[in-house]
Amino acid sequence: MITRTAIFEGRFSGDNEARFFAGVEDRLAPLWRQFPHALDVRWFRMDTADADARPIVMIQQIDYPSHEALAEAVASPIRDQSRAVTLDLMTLLDGSFYHFISEGGRR
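Attention in this report is confined to the structure presented alongside it.

Glancing now at helix H2 (residues 67–74). All of the buried residues along H2 are Ala69, Leu70 and Ala73. The buried residues of H2 occupy an angular sector of 100° when projected down its axis, which confines them to one face. Looking at the buried side of H2, the elements it contacts are strand S1 (2–11), strand S3 (56–64), helix H3 (77–89) and strand S4 (94–103).

The antiparallel open sheet is built from four strands, whose spatial order is S2-S3-S1-S4. Whereas interior strands pair on both sides, the edge strands pair on one side only; in this sheet they are strand S2 (40–45) and S4. Neighbouring strand axes in the sheet, compared pairwise and without regard to direction, differ in orientation by 15° on average. Of the strand pairs in this sheet, S1 and S4 are connected by ten bridges, and their pairing is antiparallel. Within S4, the residue paired with arginine 4 across the bridge is isoleucine 101.

The subject of this paragraph is empty space enclosed by the protein. The full count for this structure, using the stated rule, is one cavity of 30 Å³ or more. By volume, the largest cavity amounts to about 200 Å³. Lining the largest cavity are 16 residues, with Arg4, Trp32, Phe35, Ser82 and His99 positioned closest to its centre. Among the elements of the structure, S1, S3, H2, H3 and S4 are those that each provide at least two residues to the lining of the largest cavity. Each residue belonging to the lining of the largest cavity can be placed in one class, and the counts come to nine nonpolar, four polar and three charged.

Calculation notes
- Residues numbered from 1 in each chain as written.
- Predicted model: local features only at pLDDT ≥ 70, side-chain atom pairs only at ≥ 80, totals over all residues.
- Heavy atoms only, no water.
- Buried < 20%, exposed > 50% of the residue type's maximum accessible area, 1.4 Å probe, protein only.
- Helix = DSSP H or I, 4+ residues; strand = E, 2+ residues; numbered from the N terminus.
- Arc of directions from axis to C-beta.
- Contact = heavy atoms within 4.5 Å.
- Pairing = 2+ DSSP bridges.
- Axes fitted to C-alpha atoms, helices over the stretch in contact; angles between N-to-C directions.
- 1 Å grid on protein atoms, 1.4 Å probe; cavity = no way out; pocket = protein on both sides within 12 Å on 5 of 7 lines; lining within 4 Å.
- Points joined across faces, edges and corners; volume = space filled by probe spheres on them.
- Nonpolar A, V, L, I, M, F, W, Y, C, P; charged D, E, K, R; others polar.

Right, dumping it as structure tokens:
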């Protein structure tokens, strides 16, 4: 199994946190579920962290059966749609996002 993990790092001001997560639920999550070959879609809103931790506000993960399946998903039109929504929502966060690809399984 291959997992593509997105790390959303930064800080919110005003009511932007609530607006950001409403957008994730209403606009992004439905798109994430449409990625070709996606086996599972998860996102985690940070609750607490160590005092010296980086300011990560959300972690999102999508599992794929293979690197080839991931490549197809990233090349799909749904990625362009989800990226546009992500960039729009990122205007609510003073920060950035980036991805990791990991390989593993459950035991």
